[in-house]
Amino acid sequence: AQTVTQSQPEMSVQEAETVTLSCTYDTSENNYYLFWYKQPRSRQMILVIRQEAYKQQNATENRFSVNFQKAAKSFSLKISDSQLGDTAMYFCAFMKHEGSRDLFFGTGTRLTVIP
Amino acid sequence: EAQVTQNPRYLITVTGKKLTVTCSQNMNHEYMSWYRQDPGLGLRQIYYSMNVEVTDKGDVPEGYKVSRKEKRNFPLILESPSPNQTSLYFCASRTGLNQPQHFGDGTRLSIL
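Residues numbered from 1 in each chain as written. Chains lettered and ligands numbered in written order. Predicted model: local features only at pLDDT ≥ 70, side-chain atom pairs only at ≥ 80, totals over all residues. Heavy atoms only, no water.

Chemist: Is there a simple way to explain the packing of aromatic side chains in this structure?
Modeler: By convention here, two paired aromatic rings are described through the distance between centres and the angle between planes. Within this structure, the stated rule accounts for 16 aromatic pairs over all chains. Ring geometry for Trp36 of chain A versus Phe75 of chain A: centroids 6.2 Å apart, planes at 25°, classification stacked. You can see Trp36 of chain A sitting in strand S5 (residues 32-39) and its partner Phe75 of chain A sitting in strand S9 (residues 74-79), a full 39 residues away along the chain. The same class applies to Trp36 of chain A as to Phe75 of chain A, namely buried. On the basis of an interplanar angle of 85° and a centroid distance of 5.6 Å, the ring pair of Phe105 of chain A and Tyr35 of chain B is categorised as edge-to-face. With Phe105 of chain A in strand S11 (residues 104-105) and Tyr35 of chain B in strand S4 (residues 31-38), this residue pair bridges two chains. Each member of the pair, Phe105 of chain A together with Tyr35 of chain B, is buried. One aromatic cluster is present, formed by Phe35, Tyr37, Phe91 and Phe105 of chain A together with Tyr35, Phe90 and Phe103 of chain B through successive ring pairs. The positively charged end of Arg94 of chain B is found above the aromatic ring belonging to Tyr31 of chain B, 4.3 Å away from the centroid. (Phe/Tyr/Trp six-rings, centres within 6.5 Å; stacked < 30°, edge-to-face > 60°. Helix = DSSP H or I, 4+ residues; strand = E, 2+ residues; numbered from the N terminus. Buried < 20%, exposed > 50% of the residue type's maximum accessible area, 1.4 Å probe, protein only. Lys NZ or Arg CZ within 6 Å of the ring centre and 35° of its normal.)

Next comes the structure, spelled out in structure tokens:
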């Protein structure tokens, strides 16, 4: 079974600074997908970024980027130039490349951006 | 507008009173899922469906039922709700394998 671990329940960062959220996972699969979702106070689940395991290049989306280390089974999220609107719960998630099961989620990291 | 719609958004009810949370998507997605979110546990999958009349258990299916009679709808049924089913519930859908999920806005259930 796949497991996803987020070891930082809470983090804070000063506005305009950079913060990195950690995520590790355990799987015997070779091909899979990894995601970061953001959940603000509105409770909506918003896709932040996605990484395909077969791609060596780290995914980036504007101020958000990942550090994907396949051998170490690590998938951290870096937020640059943090903004107040980045305050939210962040979930790391895993999905197998082939198969019918959906996402396996970590327990989340609550990020607070301090003005 | 592409969306996943859940109803109700909030519900307070009592133990043993059957309830249904509806979920509808307008994107013609094959895959639909239900998750529950609890503090410290993240989101855990309850049931999922790969297409009409095809459903399977997720990680925490006990006490829940689902049906998929139409492609767009995937209701979650609690036949005899209990307090340990108090949670935040999300419905999600996606098209094809390995595509990002679209989530509904969540349903907050409180079982007294």
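What follows picks up the thread again.
Chemist: Looking at this model, I keep getting lost on the environment of Leu11 of chain B. Mind explaining?
Modeler: Residue and element names in this part refer to chain B. You can see Leu11 is positioned in strand S2 (residues 10-13). Sequence-wise, Leu11 and Asn26 are 15 residues apart; in three dimensions their C-alpha atoms are separated by 24 Å. Sequence-distant contacts of Leu11, defined by excluding residues within four places in its chain, comprise Leu19, Arg108, Leu109 and Ser110. (Contact = heavy atoms within 4.5 Å.)

Chemist: Even after reading the chapter, I still don't get the nonpolar core, so can you show me in this structure?
Modeler: In summary, soluble globular proteins display a tendency toward joint burial of nonpolar side chains. All names here are of chain A. Among the nonpolar cores identified, the biggest contains 26 residues, and Tyr25, Trp36, Phe75, Leu77 and Tyr90 are the most heavily contacted of them. Within the residue set of this core, elements represented by two or more residues are strand S3 (19-21), S5, strand S6 (46-52), strand S8 (64-69), S9, strand S10 (88-96) and strand S12 (109-114). Sort the elements by how many residues they give to this core and S10 lands first, with 4 residues. (Core = buried A, V, L, I, M, F, W, Y, C linked by side-chain atoms within 4.5 Å.)

Chemist: So what exactly am I meant to see when it comes to the environment of Arg110 of chain A here?
Modeler: Residues and elements named next belong to chain A. Here Arg110 shows up in strand S12. With a relative accessible area of 43%, Arg110 lands in the partly exposed category. Along the primary structure Arg110 and Leu21 are separated by 89 residues, whereas in three dimensions their C-alpha atoms are 9.7 Å apart.

Chemist: Please explain the layout of surface pockets as it appears in this structure.
Modeler: Empty space left among the atoms is revealed by rolling a probe the size of a water molecule over them. If you add up the space inside the largest pocket, you get close to 470 Å³. Lining the second largest pocket are 16 residues; nearest its centre among them are Gln44 of chain A together with Gln3, Val4, Phe103 and Asp105 of chain B. Of all elements in the fold, only S6 of chain A together with strand S1 (4-7) and strand S10 (102-103) of chain B reach the threshold of two or more residues within the lining of the second largest pocket. Sort the elements by how many residues they give to the lining of the second largest pocket and S1 of chain B lands first, with 3 residues. (1 Å grid on protein atoms, 1.4 Å probe; cavity = no way out; pocket = protein on both sides within 12 Å on 5 of 7 lines; lining within 4 Å. Points joined across faces, edges and corners; volume = space filled by probe spheres on them.)

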